[in-house]
Amino acid sequence: MFKDSYKNAMMIYVVQMVLIVILVNNNFMKSLDVFQPKNQELFRIFIGILIFILNGFSIFVLRELYAKNKEERQFLINSIRFKYIEEQNRIYRQNHHDIKNHLIIISELVKEKRYSELENYLSSYMEEIDKNLVTINTGVNEIDILLYSKISNAKSKDIEVDFKCDTQIQCSKKHVLNLVSVLGNLIDNAIEACDEMEKDKYIIIELKEDPIDYIFHVKNRYNFQKDIEPSTYFEEGFSTKEGRGRGEGLYIVRNIVEKYSGEIEVQTDGGYFDVIVEIPKFSLEGD
């Protein structure tokens, strides 16, 4: 019965509405003696029992819908975690290969007693490690995973990322996926814009807070050829790029931010695409 819970729920709702309309219409027509059954009492009892039974079925269908919704949310969270594990595995394999090559070079320099070159090589190697090392602790595991994956993806495309987190986010589990969607879409847009540039690929990601709001700031270089009214970016389907399926990112972000009584602002000055999102703390912390 529950193979398609949404379809079942809609069918039960429609049938209930039809029965209620029949019952109301019968009572309305009673004074005119039009479309009246021979046994009014039996007719009303029959319709009432049907509506009661359908309400009973509705409880089970709604429980199934709730269970499916929980499964879907868990699936999305597990998908994020899987991507993190996948990214960690990719980085491990890459680092394992790189370390082996570096050790071979270091070993040869030591054998040949070329200590000056060895010192320069180790210094360059340490600088490269520091550049690629990212420490993320936002207070929400799913956000940490998302940011680590996105930043690693950006760096793999030779995009410089400046990440800063000055807050510990307090977020109820029921709101985590929406927050993931907001940050994910903002950073994806930034990466896509930078990836199309030949140089100056640069992204700033800042997470901070004030006494009232959590503030999420994503800023990237861009090379749009014409001025666009900032509010236009939030229209459904709007995109500066050609192709189907584009133009949904900021539209989705705006809808989620408005749902939490937050604010979103876009600025496009000085060759930068700058998005600032402010979401009240109580909206994310509450159940």
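In the block above lies the structure referred to throughout.
Conventions used here
- Residues numbered from 1 in each chain as written.
- Predicted model: local features only at pLDDT ≥ 70, side-chain atom pairs only at ≥ 80, totals over all residues.
- Heavy atoms only, no water.
- Helix = DSSP H or I, 4+ residues; strand = E, 2+ residues; numbered from the N terminus.
- Buried < 20%, exposed > 50% of the residue type's maximum accessible area, 1.4 Å probe, protein only.
- Contact = heavy atoms within 4.5 Å.
- Areas by Shrake-Rupley, 256 points an atom, 1.4 Å probe, with all protein chains shown as cover.
- Core = buried A, V, L, I, M, F, W, Y, C linked by side-chain atoms within 4.5 Å.
- Arc of directions from axis to C-beta.
- Phe/Tyr/Trp six-rings, centres within 6.5 Å; stacked < 30°, edge-to-face > 60°.
- Lys NZ or Arg CZ within 6 Å of the ring centre and 35° of its normal.

**A few points about the overall build of the protein chain**
Each helix and strand in the protein chain was counted, giving 7 helices and 5 strands. Helices (α) and strands (β) of the protein chain occur, in sequence order from the N terminus, as α-α-α-α-β-α-β-β-α-β-β-α. When each of the 287 residues of the protein chain is scored for burial, the buried share is 34%. Counting only contacts in the protein chain whose residues sit at least 6 apart along the sequence, the fraction spanning at least 24 positions is 66%. Carbon together with sulfur atoms contributes 55% to the accessible area of the protein chain, which is approximately 18800 Å² in total.

**With respect to the nonpolar core**
Nonpolar side chains tend toward joint burial in soluble globular proteins. If you look at the biggest cluster of nonpolar residues, it comprises 42 residues, and the most contacted ones within it are L147, I169, L179, L186, I205, F216 and V277. Of all the elements in the fold, those that place two or more residues in this core are α4 (141-156), β1 (160-165), α5 (173-195), β2 (202-209), β3 (213-221), α6 (249-259), β4 (263-267) and β5 (272-280). A total of 10 residues in this core trace back to one element, the largest contributor, which is α5. Membership of the second largest hydrophobic core comes to 7 residues, among which are I12, L19, V61 and L65.

**As for α6**
Three or more residues of α6 are buried, namely G249, L250, V253, I256 and V257. One side of α6 holds all its buried residues, which, seen down the axis, span an arc of 125°. Buried residues belonging to α6 abut α5, β4 and β5. The positive-phi residue at the C-terminal boundary of α6 is S261, with phi of around 60°.

**Quick notes on the packing of aromatic side chains**
The full count for this structure, using the stated rule, is 1 aromatic pair. Here Y222 and F273 contribute two aromatic rings whose centre-to-centre distance is 6.4 Å and whose plane-to-plane angle is 65°, an arrangement assigned as edge-to-face. Here F273 lies in strand β5 and Y222 lies in the loop between β3 and α6, a separation of 51 residues in the sequence. Note that R221 overlies the ring of Y272, its terminal NZ or CZ placed 4.9 Å from the centroid.

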